[in-house]
There are 2 protein chains.
Amino acid sequence: MKTDFPGPESQRFAKELNQVFDTRALNILADYKSSKGNYLVDGDGNVFLDVFAQIASIPIGYNNPELAKAAATTDMVDAIINRPALGNFPSKEWAGILKSGILKAAPRGLDNVFTAMAGSDANETAYKAAFMYRRQRERGGQDADFTAQELSSSMDNTAPGSPDLSILSFKGGFHGRLFGSLSTTRSKPIHKVDIPAFNWPQAPFPQLRYPLEQHAAENEASEQASLSEVDRLIRTWPLPPAAIIVEPIQSEGGDNHASPSYFRQLRALAARHGVLFIVDEVQTGVGATGRFWAHEHWDLDSPPDMVTFSKKAQAAGFYYGLPALRPNKPYRQFNTWMGDPVRALLFRAILAEIERLDLVANTARVGDYLYSRLEVLAARYPAHFANLRGKGQGTFISFDSPKRDQFVATAKKLGVNIGGCGAEAVRLRPMLIFQEKHADILLDVLEKVAKSL
Amino acid sequence: MKTDFPGPESQRFAKELNQVFDTRALNILADYKSSKGNYLVDGDGNVFLDVFAQIASIPIGYNNPELAKAAATTDMVDAIINRPALGNFPSKEWAGILKSGILKAAPRGLDNVFTAMAGSDANETAYKAAFMYRRQRERGGQDADFTAQELSSSMDNTAPGSPDLSILSFKGGFHGRLFGSLSTTRSKPIHKVDIPAFNWPQAPFPQLRYPLEQHAAENEASEQASLSEVDRLIRTWPLPPAAIIVEPIQSEGGDNHASPSYFRQLRALAARHGVLFIVDEVQTGVGATGRFWAHEHWDLDSPPDMVTFSKKAQAAGFYYGLPALRPNKPYRQFNTWMGDPVRALLFRAILAEIERLDLVANTARVGDYLYSRLEVLAARYPAHFANLRGKGQGTFISFDSPKRDQFVATAKKLGVNIGGCGAEAVRLRPMLIFQEKHADILLDVLEKVAKSL
């Protein structure tokens, strides 16, 4: 650290920016051109080890040289300046870009993609696919046409054309901030208050106690209670759920975990009721849990119906397998741009680097190292590293601290950028290039912070 | 044209793409690298004069050399590979990029921006701003805090935290396809059927008859009927509208116009009721009507409260002026990326070209030329150029044809790519670099099409 935080230059930039753009959520005024790898530089030249990574979205480091190469190709220039309406006018390269990139990363069993712009619209287009699928099935399949009443009532936003259906989500879940996704988000009031929402159901998410091995029975009971309530809501909610959406680890809501067994039962329960099962991997996807997709930890018998992605993919959308999730007619799931080839090209380059450097395995290994060292810290400072969680989940690790905001602020003054989530969780979201040496720097600062509080 | 349309290579590419990506809305399989200026090349080397321009979104031509330069800068590489979470970690360049780009284009009176990804979320974030503004005012201003009941009920998606408020839109309007924006979209059932929607009100949009000068009295009556219904809905709809959203020209809905006087009255009516006035310039903005923003044609006494943009801006978001449209706390209007610096840099380069080549004036001039020649065609083939409209609106011109789909398909076989909208409208959406010589080619093909039908 060269200056106090925030330093004078950062304050000057922030003041200028605030004239035209809301800066009240400003965390660090960054100098990206000077940033490198795991290190973020601010407007005053202060250097931070970055274990927040743009809210878990920088995958393989600032100014990654391979990404810089991909960004300087004629393909990229073409993608920037000739942006297509992908549904109407895809390029002759588009199939190849998808197959060598976004679809190469597709979860097992999901061989189609609808591309989007960010996590929110990735989830909302998945919801739309679920609603159309449900209504098609109720009408008697793909070949059954809409009734005149459905068509006319849809124009008035009333049933049956605008159906009284819902998406079931979980307390503590975060799925985005647009109107449909926000109706399924149940993280914090500040995300939701004053915004109209659909009358959609929420089930309790398991509330696991730590260490897990000391609370096996009550954790199992909490998971069963959650499943039982999901079952009840599907059977009784006045707006029947067309789909369940769940995060493998509730991230924004506080890094809440559940067991693989819970997710296997949830998937089976959804299938039994004919309700689609959407896994929101916006934050967990692309390697951070030590598997490419976090739901690979579950050993499902049958894949999720849809998996949504964004953040570290730098592209966004949802994968699907069921052919009937393509709506029965064109222009039902459609918009002008339908994604962004710039971001599809970048994801392809990210994937190539992940493969070349074996970064998923790296993250599993470094995560195990970090977790084991955090266990030592937690034993030493139990109040500041409570409910340590994420064992075997790569670097997707978190713990609770009663003075969380102060914890994170102190770390920043010591040169480490960390994020919080939920009420008092400290979430670690390093990039996939995080190594043992970076973990050591982080652990050293975490101990200093704990001592100082 | 070198081959039949679609040619063999295009068919082969389409078949390959269809394995992984829905291609049923496919129009032209494009070869962007070979496309140039107003001309789009397909996978078989066929060359089309493009007056649809990626659904009205390519602003200044394929492979524009100035944009290619901007796309190859180190600033652009930085923007691609170091994508920030703009709300938390803006770069020290971000204020400058906004001021020299997006905000340089801001409508008069609107000096702040919230950046987004596309038209749908630009509109939805504007709606969120309107709802938060409305509830803040009802609570007694920016300093009044939320009640405990508001906070807790918002987590259940129920009032008062999730308020029973609405956005008023117009029949025939199109504002996007996510859940909030789709609730205000009233263009066609295929956009809406099977998707749950909010119980929000719609007013009739004026239905003008052409030629305008022959129908002055009934057009005035239609506009007054619309205004009167807007007034009634604001006073009586069970979910009070926090805002009205309107397109200067209803584009997707069929290129429906209204007079400047109508919009002035609508703006005044909104102000009188304390309802915000949002102008959706996603399709009309950035020069195509012969003014930079279409609402400049109206000579408003006070500016719109918000103006949304996307498409030809290649960036997206909403402009606003009222300081209270910044919510009273941070993290209320927020998401991970909050826009895309890649697109902000591109918009800046687009603006520089528009200014350098005086392309708004160009579009006004060429539009007048095109319109006057279309009047001649309309007199000669009245059935195929019915309700010619867009006089004095740059190249934002359209007409109705009873055989519209055949009209557009025939034009394509003759080497011109044209779009339709509404039930039977042919909409012309050339780029801002469209010249008289291109208009002549277009007019020649239009006449051939009319003769052939």
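Residues numbered from 1 in each chain as written. Chains lettered and ligands numbered in written order. Predicted model: local features only at pLDDT ≥ 70, side-chain atom pairs only at ≥ 80, totals over all residues. Heavy atoms only, no water.

Under an unreviewed UniProt entry, the name given to chain A is 4-aminobutyrate aminotransferase, and the organism recorded is Geosmithia morbida. Quoted verbatim from the Cofactor (unreviewed entry) field of UniProt, the annotation for chain A is "pyridoxal 5'-phosphate". As its UniProt record puts it under Sequence similarities (unreviewed entry), chain A is described as follows: "Belongs to the class-III pyridoxal-phosphate-dependent aminotransferase family." (UniProt positions renumbered as here; feature names shortened; annotations may be inferred.)

Q: Explain the relation of the copies chain B and chain A here, please?
A: Taken together, a rotation about one axis and a shift along it account for how the two chain copies relate. The operation relating chain B to chain A is a screw motion whose rotation component is 180 degrees, with 0.0 Å of axial translation and a residual RMSD of 0.0 Å. What the superposition gives is, in effect, a two-fold axis relating one chain to the other. For chain B, the smallest separation between a C-alpha atom and the rotation axis is recorded for F179(B), amounting to 2.8 Å. Comparing interface residues between copies, 100% of those in chain B also sit at the interface in chain A, which points to an isologous, same-surface contact. (Least-squares fit on C-alpha atoms with pLDDT ≥ 70 in both. Contact = heavy atoms within 4.5 Å.)

Q: Any chance you could explain the pattern of salt bridges here in plain terms?
A: Note on pairing: side chains with opposite charge can pair once their charged atoms come close. This structure, assessed with the given rule, holds 66 salt bridges over all chains. In this structure, R235(A) and D231(A) form a salt bridge, with 2.8 Å as the shortest nitrogen-oxygen distance. Placement of the pair is R235(A) and D231(A) together in helix α10 (residues 216–236), with a separation of four residues, close to one helical turn. Overall, the relative accessible area of 17% leaves D231(A) in the buried class. D444(B) is the salt-bridge partner of K448(B), the closest N and O atoms lying 3.2 Å from each other. Here K448(B) pairs with D444(B), and both are found in helix α15 (residues 436–452), just four residues apart, close to one helical turn. (Salt bridge = Lys/Arg side-chain N within 4 Å of Asp/Glu carboxyl O. Helix = DSSP H or I, 4+ residues; strand = E, 2+ residues; numbered from the N terminus. Buried < 20%, exposed > 50% of the residue type's maximum accessible area, 1.4 Å probe, protein only.)

Q: How do you make sense of the sheet that holds strand β13 (residues 419–421) of chain A when you look at a structure like this?
A: In a beta sheet, neighbouring strands are held together by backbone hydrogen bonds and run either parallel or antiparallel to one another. All names here are of chain A. Strand order across the open sheet formed by four strands is β10-β11-β14-β13, with antiparallel pairing between neighbours. Each edge of the open sheet carries a strand with a single partner, namely β10 (386–389) and β13. Taken pair by pair, the neighbouring strands of this sheet meet at an average axis angle of 25 degrees, ignoring direction. Bridging between β10 and strand β11 (residues 397–400) involves two bridges; their strand directions are antiparallel. Within β11, the residue paired with A386 across the bridge is D400. Along the sheet, helix α13 (residues 359–380) contacts β10, β11 and β14 (425–428); its crossing angle with β11, the most-contacted strand, is approximately 20 degrees. (Pairing = 2+ DSSP bridges. Axes fitted to C-alpha atoms, helices over the stretch in contact; angles between N-to-C directions.)

Q: Which parts of the structure should I look at to understand the packing of helix α14 (residues 404–413) of chain B against α15(B)?
A: Helix-helix packing is described using two parameters, namely the angle between the two axes and the distance between the axes. All names here are of chain B. Packing of α14 against α15 brings their axes to within 9 Å, and their N-to-C directions diverge by 125 degrees. One finds that α14 runs oblique with respect to α15. The interaxial crossing formed by α14 with α15 has right-handed handedness. In this structure, α14 uses F407, T410 and A411 to contact α15, whose residues at the interface are V445, L446, V449 and S452. (Parallel < 35°, antiparallel > 145°, perpendicular 65-115°, else oblique. Left-handed = near helix turned anticlockwise from the far one by under 90°.)

Q: Any chance you could explain the pairing of strand β14 (residues 425–428) of chain B here in plain terms?
A: Consecutive residues of a regular strand have side chains that alternate between opposite faces of the sheet. All names here are of chain B. The side-chain alternation of β14 yields two buried faces, one formed by A425 and R427 and the other by V426 and L428. Here four bridges tie strand β11 (residues 397–400) to β14, and the two strands are oriented antiparallel to one another. The partner of I397 across the bridge, within β14, is L428. Sheet topology note: the strand β13 (residues 419–421)/β14 ladder contains three bridges and is antiparallel. In the sheet register, G419 faces β14, and the bridge partner there is R427.

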